[in-house]
Amino acid sequence: MALLQIAEPGMSTAPHEHRLAVGIDLGTTHSLVATVRSGSAECLPDEAGRVILPSVVRYGPQGARCIGHDALASADVDTANTVFSAKRLMGRGYEDVTGLQMPYALKAPDDGKTGMVQIQTEFQTLSPVQVSADILKVLRKRAEATLGGELVGAVITVPAYFDDAQRQATKDAAQLAGLNVLRLINEPTAAALAYGLDQNAQGQFVVFDLGGGTFDVSILRLTGGVFEVLATGGDSALGGDDFDRALAEHFISTHGLVNLTPRQRSRLVMACRRAKEQISSEHTAFLSVDFSDKETIAETITAVQFAQIVEPLVKRCITAARKTLRDSELSKEDIKGVVMVGGSTRMPVIREAVKEFFGQDPLVNLNPDEVVAIGAAIQADTLAGNRNDDELLLLDVIPLSLGLETMGGLTERVINRNSTIPVARAQEFTTFKDGQTAMAIHVVQGERELVSENRSLARFELRGIPPMVAGAARIRVTFQVDADGLLAVTARELSSGVQAQIEVKPSYGLGDDEIAHMLKSSFEFAQDDMMARQLREQQVEALRLIESVEAAMQVDSALLSAAEMTLIEKELGSLRELVKTDQLRDIEKGIETLGEATADFAAKRMDEGIRKALTGRTIEGVSETFGK
């Protein structure tokens, strides 16, 4: 009897050749792994049937470690060695995280200046990348055990506002965990995929992502299978944990609890978290905490009381959503649907607030904890070659402009913010001095006009430039940002072909709040930045003029009379002093004055050059030369 080989539409024509790929949601509070089996995406459970893995690692002596639920259970008793929220530290320097309150110790790298922040336990010093890798190893092993084979790769989700350093740190963690990263995709894009919005959906959608530690809101436009991020925002210091703490602070003030130990406070917060979850499903909860040496809290709290306590936090969520909507230049009426992501969106108070603001019921038919991992699994299945989604295109954006430092400490943007990725841009530059044979390339990120106000990403040198007069060399610098949002920069001197390049792997990055601050500053100081840029440009122009005049006088001073020599030297000295000031108009006037003083000198040099060129030549010879 003949056997029929059947494949579902959009699936591989050879199901027996199905390649194993997964999607991973590496979250601040918990992580998940998902895959596509029999044409549908699902999250993979552990031996106990739990799909959620708490993003917590407890470190012990001699390299011992405990990951997930058991580590979370010990967080109250071994705070110094139990690491959570490592995602908040990924790709960030020590100075970037000094405001974070962590129960474990943070320290600067050995050099004390550069590099990613380090985590210091009682037994070892760790990088956030190592912690994330330990979590990813557990998810990889779970997937391989469940699927019965080796993975060809994984799609890992990152917040839309992760910068180059944070994305690179995520890829490094995956590599340490033995994973082949097929692609990094933004979390809101993954959520949209999970809801099937790529299936003939058209219009603008909001992804409202309230997790345990952070809040992100993104607005996407879907057109014929193309996902385009229009705007992204949120609050990196707002999450479900803040709702737990708000409820705990309410009980502390109501019952007059003072001088609670860290362990007692942690026990109260955990009880409040359970009460919050109960209220979300039953609209009322009974909270009881025994403090031993203090009174026992035993109280019933209703959904209405809870809503009153957390009202300021709910308003912060809606304020961030309103700002992001304004950034997208859309109105509420333009929004076709609101996708709810993150376990904290289960709270009725959040769903009601979203419904009231956008004027429509949010989409809540998928598990908000699992939606991002499921979307990543769908993309992984496509990239592994199991699906034929030729019409699906994910257009994520870069959050801040990328550029180079030019003379005067100015930023020359090469790729502007909100450019869709992958993207490549090239721009030509030249040398500043005669005979210059090398050029320092300084790559920066940010929206300000001055390099000092932006973030330095990388430095490298282009050597072997043929010696030429200033301005004659043509150096093309190319920026390439791949689909993961990672940057590579190449510099090439066009006449000789000499080339240098670098894959930008900065040791620390920017947080959501820092990116938002940089964007805000670019608008607040736009006028000041423009004036500063004009000043620097004129200072550079003045220095260029001074150098060229001095070089000409060394060669052709014989063409000048004593009076002309005195006048030019006077104007040179005056312009040298003006360059040291911040008087833009005076510098412009000084450049103009020196130009007038050297006009006759320039004409004499030109005449002399022509005279030397024609010496010994006949009229017929010159005619033949120009007639060719």
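Scroll up to find the structure this text is about.
Predicted, not measured: the structure shown is a model, and the values here were computed from it.

Asker: Looking at this structure, how should I read the overall build of the protein?
Answerer: Counting its secondary structure elements, the protein contains 16 helices and 28 strands. Looking at the protein residue by residue over its 628 residues, the buried ones come to 50%. The long-range share in the protein, meaning contacts at least 24 apart out of those at least 6 apart in sequence, stands at 66%.

Asker: Please explain the sheet that holds strand β21 (residues 410-415) as it appears in this structure.
Answerer: Sheets are built from strands paired through backbone hydrogen bonds, the pairs being either parallel or antiparallel. Across the sheet, which stays open at both edges, the four strands sit in the order β21-β20-β24-β25 with antiparallel pairing between neighbours. The sheet terminates laterally at β21 and β25 (455-463), the two strands that pair on one side only. Across this sheet, the average inter-strand angle for adjacent strands is 30 degrees, counted without regard to direction. Alignment of strand β20 (residues 402-406) against β21, held across five bridges, turns out to be antiparallel. In the strand pairing of β21, Glu 405 is matched with Thr 411.

Asker: It is not clear to me how the sheet that holds strand β6 (residues 65-67) should be interpreted in this structure. Could you clarify?
Answerer: Across the sheet, which stays open at both edges, the three strands sit in the order β6-β5-β7 with antiparallel pairing between neighbours. Lying at the two open borders of the sheet, with one neighbouring strand each, are β6 and β7 (82-84). Each strand axis lies, on average, 20 degrees off the axis of its neighbour in the sheet, ignoring direction. The pairing of strand β5 (residues 56-59) with β6 spans three bridges and is antiparallel. Each bridged residue has a counterpart across the sheet, and for Arg 58 the counterpart in β6 is Cys 66. Along the sheet, helix α2 (residues 128-147) makes contact with β5, β6 and β7, crossing β5 at roughly 110 degrees.

Asker: Please clarify how the packing of helix α13 (residues 562-579) against helix α14 (residues 584-597) should be interpreted in this entry.
Answerer: One can describe the packing of α13 onto α14 by two numbers: an axis separation of 9 Å at closest approach and a directional angle of 160 degrees. In terms of orientation, α13 and α14 fall into the roughly antiparallel class. The two elements α13 and α14 cross, and the hand of that crossing is left-handed. Facing α13, whose interface residues are Leu 567, Ile 568, Glu 571, Leu 572, Leu 575, Leu 578 and Val 579, α14 presents Asp 586, Ile 587, Gly 590, Ile 591, Thr 593, Leu 594 and Ala 597. Grouping the amino acids of the contact of α13 with α14 by side-chain chemistry returns ten nonpolar, two polar and two charged.

Asker: Explain α2 to me, please; I cannot follow it from the model alone.
Answerer: Because an α-helix completes one turn every 3.6 residues, residues spaced three or four positions apart along the sequence face the same direction. Taking 1.5 Å of rise per residue, the 20 residues of α2 would be expected to cover 28 Å, and the 29 Å separating its terminal C-alpha atoms lies within 8% of that figure. The opening residue of α2 is Ser 127, an N-cap whose side-chain oxygen sits 3.0 Å from the backbone nitrogen of Val 129.

Asker: What's the story with the pairing of strand β12 (residues 181-186) in this structure? I'm lost.
Answerer: Along a regular strand, successive side chains alternate from one face of the sheet to the other. Burial runs high along β12: five of the six residues are buried. Bridging between strand β11 (residues 153-158) and β12 involves five bridges; their strand directions are parallel. The residue bridging Ile 156 from the neighbouring strand is Leu 184, located in β12. Regarding the hand of the β-α-β motif, the stretch spanning β11, helix α3 (residues 164-176) and β12 is right-handed.

Asker: What should I look at first to understand the packing of aromatic side chains in this one?
Answerer: Two measures describe an aromatic ring pair: the distance that separates the ring centres and the angle between the ring planes. Evaluated as defined, the whole model comprises three aromatic pairs. Ring geometry for Phe 208 against Phe 215: centres 4.8 Å apart, planes inclined by 55 degrees, an arrangement best described as tilted. Phe 215 matches Phe 208 in its accessibility class, with the two residues each being buried. Considering the side-chain rings of Phe 357 and Phe 358, the 4.8 Å spacing of their centres and the 80 degrees angle between planes classify their relative orientation as edge-to-face. Look at Phe 357 and you get buried, because its relative accessible area is 7%. What makes Phe 358 buried here is its relative accessible area of 5%.

Asker: How should I be thinking about the side chain of Glu 187 in this particular structure?
Answerer: Tracing the chain through its elements places Glu 187 in helix α4 (residues 187-194). Residue classification places Glu 187 among the buried residues on the basis of a relative accessible area of 6%.

Asker: I would appreciate a short explanation of the nonpolar core in the present structure.
Answerer: Formed by 48 residues in total, the largest nonpolar core has its most connected members in Phe 208, Phe 243, Leu 268, Phe 306 and Ile 350. Among the elements that line this core, the one with the most residues is helix α8 (residues 311-327), at seven residues. Residues within four places of Phe 306 in sequence aside, it is in contact with Phe 243, Leu 247, Lys 276, Ile 279, Ile 301, Met 347 and Val 349. Residues Met 90, Tyr 104, Leu 126 and Ala 174 belong to the second largest nonpolar core, which totals 39 residues.

Asker: I would appreciate a short explanation of unusual backbone geometry in the present structure.
Answerer: Glycine aside, negative phi is the norm for most residues, and most peptide bonds take the trans geometry. Even without a glycine there, the phi angle at Ser 38 is positive, about 55 degrees. Assessed through its relative accessible area of 83%, Ser 38 is described here as exposed. Non-glycine residue Ser 85 carries a positive phi angle of around 55 degrees. Residue placement: Ser 85 occurs in the loop between β7 and β8 (105-107).

Asker: It is not clear to me how the packing of α8 against helix α9 (residues 348-358) should be interpreted in this structure. Could you clarify?
Answerer: The geometry of a pair of packed helices is captured by two quantities: the angle between their axes and the separation between those axes. Between α8 and α9, the least distance of the axes is 10 Å, while the angle of their chain directions is 35 degrees. Every pair of crossing elements has a handedness; the one defined by α8 and α9 is right-handed. Where α8 approaches α9, its residues Val 314, Cys 317, Ile 318, Ala 321, Arg 322 and Leu 325 are matched on the opposing element by Val 349, Ile 350, Ala 353, Val 354, Phe 357 and Phe 358. Looking at side-chain class alone, the contact of α8 with α9 contains eleven nonpolar, no polar and one charged residues.

Criteria and thresholds
Residues numbered from 1 in each chain as written. Predicted model: local features only at pLDDT ≥ 70, side-chain atom pairs only at ≥ 80, totals over all residues. Heavy atoms only, no water. Helix = DSSP H or I, 4+ residues; strand = E, 2+ residues; numbered from the N terminus. Buried < 20%, exposed > 50% of the residue type's maximum accessible area, 1.4 Å probe, protein only. Contact = heavy atoms within 4.5 Å. Pairing = 2+ DSSP bridges. Axes fitted to C-alpha atoms, helices over the stretch in contact; angles between N-to-C directions. Parallel < 35°, antiparallel > 145°, perpendicular 65-115°, else oblique. Left-handed = near helix turned anticlockwise from the far one by under 90°. Nonpolar A, V, L, I, M, F, W, Y, C, P; charged D, E, K, R; others polar. Expected span 1.5 Å × (residues − 1). Polar contact = N/O pair within 3.5 Å; in protein donor to acceptor, adjacent residues only side chain to side chain. Right-handed = clockwise from strand over helix to strand, strands pointing away. Phe/Tyr/Trp six-rings, centres within 6.5 Å; stacked < 30°, edge-to-face > 60°. Core = buried A, V, L, I, M, F, W, Y, C linked by side-chain atoms within 4.5 Å.

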